[in-house]
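Each chain is listed here by its residues.
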Amino acid sequence: MDGTLSANDISHIVTADKRHVWHHLSQHKPWETSDPNVIIEGKGMRVWNQAGKEHIDAVSGAVWTVNVGYGRESIARAVYDQLIKMNYFAGASGSVPGAIFAEKLIEKMPGMSRVYYCNSGSEANEKAFKMVRQIAHKRYGGKKHKILFRDRDYHGTTIGALSAGGQDERNAQYGPFAPGFVRVPHCLEYRKHEQDGAPDENYGEWAANQIEEVILREGPDTVGALCLEPVTAGGGVICPPEGYWQRVQEICRKYDVLLHIDEVVCGVGRTGSEWFGYQHYGVKPDMVTMAKGVASGYAAIACCVTTEEIFDLFKSDETDPMDYFRDISTFGGCTAGPAAAIENMRIIEEEGLLENTTAMGHYMMERLSELKDKHAIIGDVRGKGLFLGAELVTDRQTKDPVEEARVKAVVGDCMKQGVIIGATNRSVPGKNNTLCFSPALIATKDDIDEIVTAVDGALGRVFG
Ligand SMILES: Cc1ncc(COP(=O)(O)O)c(C=O)c1O
C-alpha cells in the first residue's frame, strides 16, 4: 500500500460510506456499532483495507471476477487511451474495441459467431431470454416460449433473471416472477440421495433425463430453451457428473430446444485449459452469456454470444419493422469494457494463465483433499480449474449440512488471518454450507498453501 490516503481521509471515507452507501447483499445493522470493510488498494493476489491490513484474496474480488489479479497497469492504460479517443456511442453504431474484441472472442469460440454487448451478467441473460421469446413469436406463434432453468443455478438479480433462479433463498420475497420459466432438477451427485429414483450408476445420464421429463410434461412445442451454468457457482460449486452434458445436448436437439449456457462465472479461463466451461464437455451451445472475468472487473462488460443461425433469424425480412432484435443497452455502447477485455485476453494468453489455472487447480484440489482427510467436517471437495468448493457436513454418512452460522465462522476466522475466502450465501435453503475458492488465475503454489493453511486453522478452531 502506498499510503496516499491519510488517517483523516480514511475516517471520512468510512463515515461517508456508513452514512450513505447501501452495500450489496449485506445486513447493515452490525455496522451501526462497527465499521464495514473498505478496500483501498489491490496488487496481484492481495488487497488492503482501510486499516492498512493486507489480505490474500482467494475469491477474486469476492465474486469470481478479478481473474488476472489487481493493479494491472496495462489494462488501465488501454482503457485510458480508449476513453480519451472515444468513450461512448450507442451500440447501433460500431466501435474500434468492440469490433476487435468480438473478433478475438469468436476465435476462441468455434461454432459461435455474433457478440451482443451489454453490461452485467443479469443483463446478458435477459438478452438471451428475450431472443428466445422473440424467436418463439417469429417462428412458433409465441408457443415455444418456455425457458427451463436448473435447481441451484443462478442467472442474475433482475426480476427476469430471478424468474430463472434456482436458488430459493435468493428469490424469496421478490416474487411474483415472470411466467414461462420452468425448473429442472439439479445434478449434484453428492446429494443424489435426496433425489427420488436417482441410481447408483450412470447418475449423469439420469440427471439429464430429468430434463427430458420436464420437457415432456410441459409439452416440447412449448419449450424454447434450456439455460444452464456449465459448473454451478453460487449454488454450491457443482461440477456436471459424467455423461451429463452429452445427454443434455441430445435432449435439446431431439426437442428443438435452444441451449443457452451461462458462462458468467466460468467464462474466460476460470475452469482452466479451455476459455469456456462448456468447452470441456464438447457441447455446442446456441447462446453463451458471459460477464465477470471478461475484463476482470477493470470495466463493466457483458456479452450475449450467439451462433450465426440464431442471428440470421433476426434479419430475415427487411421490410418487417418487427423483424430485428429490438433491444438496446445504453452502457453496452461504452468502449471501456471491450478495451479492457482485449488487454485482459492478451494477458491470459501471454502469461499462460489457462495452463496455470489447470496446474494450480489440480494443486489446490490436492491440498483441499488433504484437508478433507484431516477434517471430518468436510464431506466433499469438488470443482474445475481455480473454481473449487468444500462442502461441510456434520456427519459424512447422513451428509447433514453444517449450519450456515458455522460456515460463516470459518470465513470470518480466515478473514482475521488475512485470507478472504467465500461461502455459498443466501442461496439454497439449509444448504449454504459450501466454502468457495476462486483465486485469480495468476495464483502460485505459495498462494494456495497460504489459503489452505488458513482454512485448516479456521476449521480446527471452529469445529475442534
Ligand atoms: C452464473 C451467474 N450468472 C449471472 C450472474 C449475474 O451477473 P451480474 O451480477 O453481473 O448481473 C451471476 C452473478 O453472480 C452468476 O453467478
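The rules we used
Residues numbered from 1 in each chain as written. Predicted model: local features only at pLDDT ≥ 70, side-chain atom pairs only at ≥ 80, totals over all residues. UniProt positions renumbered as here; feature names shortened; annotations may be inferred. Helix = DSSP H or I, 4+ residues; strand = E, 2+ residues; numbered from the N terminus. Rg over C-alpha atoms; globule rule 2.2 N^0.38 Å. Buried ≥ 20, exposed ≤ 12 C-beta atoms within 10 Å, placed from the backbone. Contact = placed C-beta atoms within 7 Å. Near = placed C-beta within 6 Å. Nonpolar A, V, L, I, M, F, W, Y, C, P; charged D, E, K, R; others polar. Domains from an automatic or database assignment. Pairing = 2+ DSSP bridges. Axes fitted to C-alpha atoms, helices over the stretch in contact; angles between N-to-C directions. Parallel < 35°, antiparallel > 145°, perpendicular 65-115°, else oblique. Left-handed = near helix turned anticlockwise from the far one by under 90°. Expected span 1.5 Å × (residues − 1). Arc of directions from axis to C-beta. Core = buried A, V, L, I, M, F, W, Y, C linked by C-beta atoms within 7 Å.

For the chain, an unreviewed UniProt entry supplies the name Taurine--pyruvate aminotransferase Tpa and the organism Roseivivax marinus. According to the UniProt record, the Cofactor (unreviewed entry) comment for the chain reads "pyridoxal 5'-phosphate".

## Here we look at the overall build of the chain
The helix and strand tally for the chain stands at 14 helices and 15 strands. In summary, the chain has a C-alpha radius of gyration of 22 Å against a globular reference of 23 Å for 464 residues, a match within 12%. Considered along the principal axes of its C-alpha atoms, the chain spans approximately 65 × 60 × 45 Å. For the chain, with 464 residues in total, the buried portion stands at 48%. Considering only residue pairs separated by 6 or more positions, the chain has 73% of its internal contacts joining residues 24 or more positions apart.

## Some thoughts on the site of the ligand
Residues in contact with the ligand amount to 16 residues; listed here are only the nearest, S120, G121, S122, G156 and V264. Per element, the largest residue contribution to the shell around the ligand is 3 residues, and it comes from helix α5 (residues 121-140). Of the residues in the shell around the ligand, the class split is 6 nonpolar, 8 polar and 2 charged.

## Concerning the environment of G234
Here G234 shows up in the loop between β7 (223-228) and α9 (244-254). Overall, G234 belongs to the buried group, with 24 C-beta atoms counted inside 10 Å. With 80 residues separating them along the chain, G234 and Y154 place their C-alpha atoms 7.0 Å apart. With residues up to four places along the chain from it excluded, the contact list for G234 reads Y154, Q167, T424 and S427.

## Considering the domain arrangement of the chain
In terms of domain boundaries, the chain breaks down into domain 1 (37-66 + 352-463) and domain 2 (74-350). Computed from C-alpha atoms alone, the centre-to-centre distance between domain 1 and domain 2 is 26 Å. The interface of domain 1 with domain 2 comprises 31 residues on the first partner and 27 residues on the second. It is helix α12 (residues 353-374) that provides the largest number of residues to the side of domain 1 that touches domain 2, a total of 5 residues. Residue composition of the side of domain 1 that touches domain 2, grouped by class: 12 nonpolar, 12 polar and 7 charged.

## Things to note about the sheet that holds strand β9 (residues 287-290)
Read from one edge of the open sheet, 7 strands run β4-β10-β9-β8-β7-β5-β6, paired in mixed fashion. At either margin of the open sheet sits one strand with a lone partner, and together these are β4 (114-118) and β6 (181-184). Neighbour-to-neighbour, the strand axes of this sheet turn through a mean angle of 20 degrees, independent of strand direction. Two elements, β7 and strand β8 (residues 258-262), share 4 bridges in a ladder whose sense is parallel. Each residue of the ladder has a partner; that of L226, found in β8, is L259.

## Examining the packing of α12 against helix α14 (residues 445-463)
Their axes nearest at 10 Å, the elements α12 and α14 cross at an angle of 25 degrees. In terms of orientation, α12 and α14 fall into the roughly parallel class. Our pair here, α12 against α14, has a crossing hand that is right-handed. On α14, the residues that touch M360, Y363, M364, R367, L368 and L371 of α12 are K445, I448, V452, V455 and D456. When its residues are assigned to classes, the contact of α12 with α14 shows 8 nonpolar, no polar and 3 charged.

## Observations concerning helix α11 (residues 336-350)
Compared with an ideal rise of 1.5 Å per residue, which puts 15 residues at 21 Å, α11 spans 21 Å between its outermost C-alpha atoms and is within 8% of the ideal. Burial analysis of α11 places 11 of its 15 residues in the buried class, which makes it a mostly covered element. Buried within α11 are the following residues: A336, G337, P338, A339, A340, A341, I342, E343, N344, M345 and I348. Looking at the buried side of α11, the elements it contacts are α3 (73-85), α4 (96-107), β4 and α12.

## So, α4
With 12 residues, α4 extends 17 Å from end C-alpha to end C-alpha; this agrees with the ideal 16 Å at 1.5 Å per step. Along α4, the residues that are buried comprise P97, G98, F101, A102 and L105. Along the long axis of α4, the arc covered by the buried residues comes to 130 degrees, so they all point the same way. Summarising the geometry of α4, the exposed residues directed more than 90 degrees from the buried face are A99, E103 and E107. Turning to α4, the residues buried within the fold contact α3, β4, β10 (302-306) and α11.

## A closer look at the sheet that holds strand β12 (residues 388-392)
One open sheet accounts for 4 strands, arranged β11-β12-β15-β14; its pairing is antiparallel. Edge strands, defined here as strands with exactly one partner in the open sheet, are β11 (378-383) and β14 (422-423). Together, β11, β12 and β15 (434-437) form the strand contacts of α12, whose direction differs from that of β11 by roughly 175 degrees.

## Comments concerning unusual backbone geometry
Cis geometry marks the peptide bond from G175 to P176, where omega comes out at 5 degrees. Mapped onto the secondary structure, P176 falls in the loop between α7 (168-171) and β6. With a phi angle near 55 degrees, W64 is a residue other than glycine that sits in the positive phi range. Looking at the element boundaries, W64 is found in helix α2 (residues 60-64). A count of 24 C-beta atoms within 10 Å places W64 in the buried class.

## Examining the nonpolar core
Ranked by size, the top nonpolar core spans 128 residues in total, and within it C303, A340, I421, L435 and I451 carry the most contacts. Considering every element that reaches this core, the biggest residue donor is α14, with 8 residues. Counting only domains with at least three residues in this core, you end up with domain 1 (37-66 + 352-463) and domain 2 (74-350). Excluding its chain neighbours within four sequence positions, the residues that come into contact with L435 are G389, A390, L392, V407, V410, I421, A423 and V455.

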